Amino acid sequence: MNIGIIGSGGREHSLCFKLRDSKIIDKIYCFPGNAGTSLIAENINIDVSDFENIKKKCEEKKIELIVVGPEKPLVDGIVEYFKDTKIKIFGPNKISSQLEGSKTFTKKLCKEYKIPTAKFEIFSEEKSALKYLSSIKYPMVVKADGLASGKGVYICKNYKEGRLAIGEIFGGRFGKADCVLIEEFLQGEEMSYFIISDGITHKFFQTAQDHKRVGENDTGKNTGGMGAYSPSRLYNSEMNKKINERIIYPTLKGIKELGTNYCGFLYIGLMVVNNEPFLIEFNVRMGDPECQTILPILDTDLGEIILSCCNKKLRDINIKWKTKKSVCIVLCSNGYPDNYQKNIKINQINNIKLNNDEYIFHAGTKIKDGNFLATGGRVLNIVSTTENFRKSKEKSIKILDELDWKEGFFRKDIAYKVT
Ligand code: AMP
Ligand code: GLY
């Protein structure tokens, strides 16, 4: 069958790459894709919020299955839009997507189902939020409610920083704000935990650890993700049991009690404090760069897994993983996550010869006149998988050194906790 992937980042390139090897997939289309996806799929330049146009293109190209990469179309209801068509779509519906789209929705669910998370209060008025600020311990965390593309979270060391954050959120920095969340700061180590669900059955879909800060030793501004390693060093069977019993089962039950089911990937962002998992956030999709890090070690046909979910047959699939350790390092444009130049040539990319178990997934790139140009802040994801993290990291860095892209930078310490 023909498949359509929605999105244009490294996550979507890695999805295309893995689906290319699927027994059940003929042709891959990417809406709108990037330079990397154009090498294995046909890119269709379309606005991903224009559902009607996406549907027209799917009919024209005989696409029978759509996989949605990013959260926004899911939160905006793309799954409902395709419900009465013949085209299957993989991802959660609008109700379930509130797990990412609304932090207050998730926090209320946590309260009702006793899911461990940071203690929190929700305020719909600036005045009462500010009053609360003078009664609490620091550091603490202030969050905008809706989608804020990884921004909208402030870790505040004192009252002054808290006041500034609340002012910015109610001032409309992340769109119209009906409320803010003020929550306890959890000191621990983060882990990204993934499942895939067909609404009846859910299965483990690996773990990873993302490095979100721009600077080495996890310092500086938050970014979309500077690199990751998989599996997470915090993962073991005891932790797995705790996460399932305390977080996943109650969440899926809560969604069921709203009269629907969760179908799609679910990203469980955790803070592990003294060996106990706390929910930081849900994302209703695969992570980026976690997806690029995880998919190379998947040892089962991804097309079959996704189709089985659409047919509510996930229970029949045995998802297997290679025992390899994966390290992904993100190459960014100088200046990211602030201002950076666009349309800069990536000279050496055609000269790089990849060995088995080495991958380059494009993020913000395009091809013009046969040249690869960087168009985004995060440009390329370099992934290596070997029998140990140290070797994987060395291989990824070697490729980056060969690329020698002077207009960009990368963190040399990705996976430092395991190497
Ligand atoms: P979020 O968008 O909710 O994932 O938050 C972005 C990042 O802020 C997370 O990945 C954490 O590193 C950090 N963070 C969010 N909430 C907390 C918290 N309650 N305690 C400590 N760090 C947090
Ligand atoms: N890696 C963080 C995210 O995908 O949101």
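Rules and cut-offs
- Residues numbered from 1 in each chain as written.
- Chains lettered and ligands numbered in written order.
- Predicted model: local features only at pLDDT ≥ 70, side-chain atom pairs only at ≥ 80, totals over all residues.
- Heavy atoms only, no water.
- Helix = DSSP H or I, 4+ residues; strand = E, 2+ residues; numbered from the N terminus.
- Buried < 20%, exposed > 50% of the residue type's maximum accessible area, 1.4 Å probe, protein only.
- Polar contact = N/O pair within 3.5 Å; in protein donor to acceptor, adjacent residues only side chain to side chain.
- Contact = heavy atoms within 4.5 Å.
- Pairing = 2+ DSSP bridges.
- Salt bridge = Lys/Arg side-chain N within 4 Å of Asp/Glu carboxyl O.
- Near = heavy atom within 4 Å.
- Areas by Shrake-Rupley, 256 points an atom, 1.4 Å probe, with all protein chains shown as cover.
- Nonpolar A, V, L, I, M, F, W, Y, C, P; charged D, E, K, R; others polar.
- Core = buried A, V, L, I, M, F, W, Y, C linked by side-chain atoms within 4.5 Å.
- Phe/Tyr/Trp six-rings, centres within 6.5 Å; stacked < 30°, edge-to-face > 60°.
- Lys NZ or Arg CZ within 6 Å of the ring centre and 35° of its normal.
- 1 Å grid on protein atoms, 1.4 Å probe; cavity = no way out; pocket = protein on both sides within 12 Å on 5 of 7 lines; lining within 4 Å.
- Points joined across faces, edges and corners; volume = space filled by probe spheres on them.

## Topic: the environment of L39
Link 1 in the chain: For L39, the position within the fold is in the loop between β2 (28-32) and β3 (42-43).
Link 2 in the chain: L39 sits in the exposed class, given a relative accessible area of 54%.
Link 3 in the chain: Note: C-alpha distance between L39 and T207 (168 residues apart in sequence) is 28 Å.

## A word on the side chain of T300
Link 1 in the chain: Examined against the element boundaries, T300 turns out to sit in the loop between α10 (290-294) and α11 (302-310).
Link 2 in the chain: Judged by its relative accessible area of 14%, T300 is buried.
Link 3 in the chain: Polar side-chain contacts of T300 include one of 3.3 Å to the backbone oxygen of N318.
Link 4 in the chain: A distance of 2.7 Å separates a polar side-chain atom of T300 from the backbone nitrogen of K320.
Link 5 in the chain: Here T300 is in contact with I305, I317, N318, I319 and K320, once residues within four sequence places are set aside.

## Some thoughts on the pairing of strand β20 (residues 365-368)
Link 1 in the chain: The pairing of β20 with strand β21 (residues 371-374) spans four bridges and is antiparallel. Among the inter-strand pairings, I367 is bridged to a residue of β21, identified as F372.
Link 2 in the chain: Taken together, β20 and the strand that follows it, β21, pair antiparallel across an intervening segment of two residues, in which D369 is found at a positive phi of about 50°.

## Points about the pattern of salt bridges
Link 1 in the chain: On inspection of all chains with the given rule, the structure shows 31 salt bridges.
Link 2 in the chain: As a salt-bridge pair, D404 and K406 come within 2.8 Å of each other at their nearest N and O atoms.
Link 3 in the chain: Relative accessible area serves as the criterion here: at 45%, D404 is assigned to the partly exposed category.
Link 4 in the chain: For K406, a relative accessible area of 58% puts it in the exposed group.

## Section: the site of ligand 2
Link 1 in the chain: Every residue lining ligand 2 is accounted for by D210, K212, G224, Y267, N283, R285, G287, D288, P289 and E290.
Link 2 in the chain: A distance of 2.8 Å separates a nitrogen atom of ligand 2 from a polar atom in the side chain of D210.
Link 3 in the chain: Separating an oxygen atom of ligand 2 from a side-chain N or O atom of R285 is a distance of 2.9 Å.
Link 4 in the chain: Protein coverage of the free-state accessible area of ligand 2, which is 200 Å², stands at 89%.
Link 5 in the chain: Classifying every residue of the shell around ligand 2 by side-chain character gives two nonpolar, three polar and five charged.

## Regarding the nonpolar core
Link 1 in the chain: In terms of nonpolar packing, the biggest core is built from 41 residues, with F31, I66, I78, L99 and I268 touching the most fellow members.
Link 2 in the chain: A per-element tally of this core places helix α9 (residues 237-256) first, with six residues.
Link 3 in the chain: In this structure, I66 is in contact with G4, I6, C58, F82, I87, K88, I89 and F90, ignoring residues within four places of it in sequence.
Link 4 in the chain: Core analysis: the next-biggest nonpolar cluster, separate from the first, contains 35 residues, L15, F194, F205 and W321 among them.

## Section: the packing of aromatic side chains
Link 1 in the chain: Per the stated rule, a full pass over the model turns up 16 aromatic pairs.
Link 2 in the chain: Ring-pair connections join several aromatic residues into one group, and the members of that group are F90, F205, F265 and W321.
Link 3 in the chain: Its end group placed over the ring of F410, K412 keeps NZ or CZ at 4.9 Å from the ring centre.

## As for the layout of surface pockets
Link 1 in the chain: In this structure, the second largest pocket encloses a volume near 350 Å³.
Link 2 in the chain: In this structure, the second largest pocket is lined by 17 residues; those nearest its centre are V79, I89, G91, C263 and K312.
Link 3 in the chain: Elements supplying a minimum of two residues to the lining of the second largest pocket: α4 (78-81), β5 (88-90) and α11.
Link 4 in the chain: Among the residues making up the lining of the second largest pocket, the classes are represented as seven nonpolar, six polar and four charged.

## Concerning the site of ligand 1
Link 1 in the chain: Neighbouring residues of ligand 1: 15 residues in total, closest E183, E184, L186, E190 and E281.
Link 2 in the chain: Within the side chain of K143, an N or O atom sits 3.0 Å from a nitrogen atom of ligand 1.
Link 3 in the chain: In the environment of ligand 1, a nitrogen atom lies 2.8 Å from a nitrogen or oxygen atom belonging to the backbone of L186.
Link 4 in the chain: Across the complex, the protein chains shield 93% of the 480 Å² of accessible surface that ligand 1 would expose by itself.

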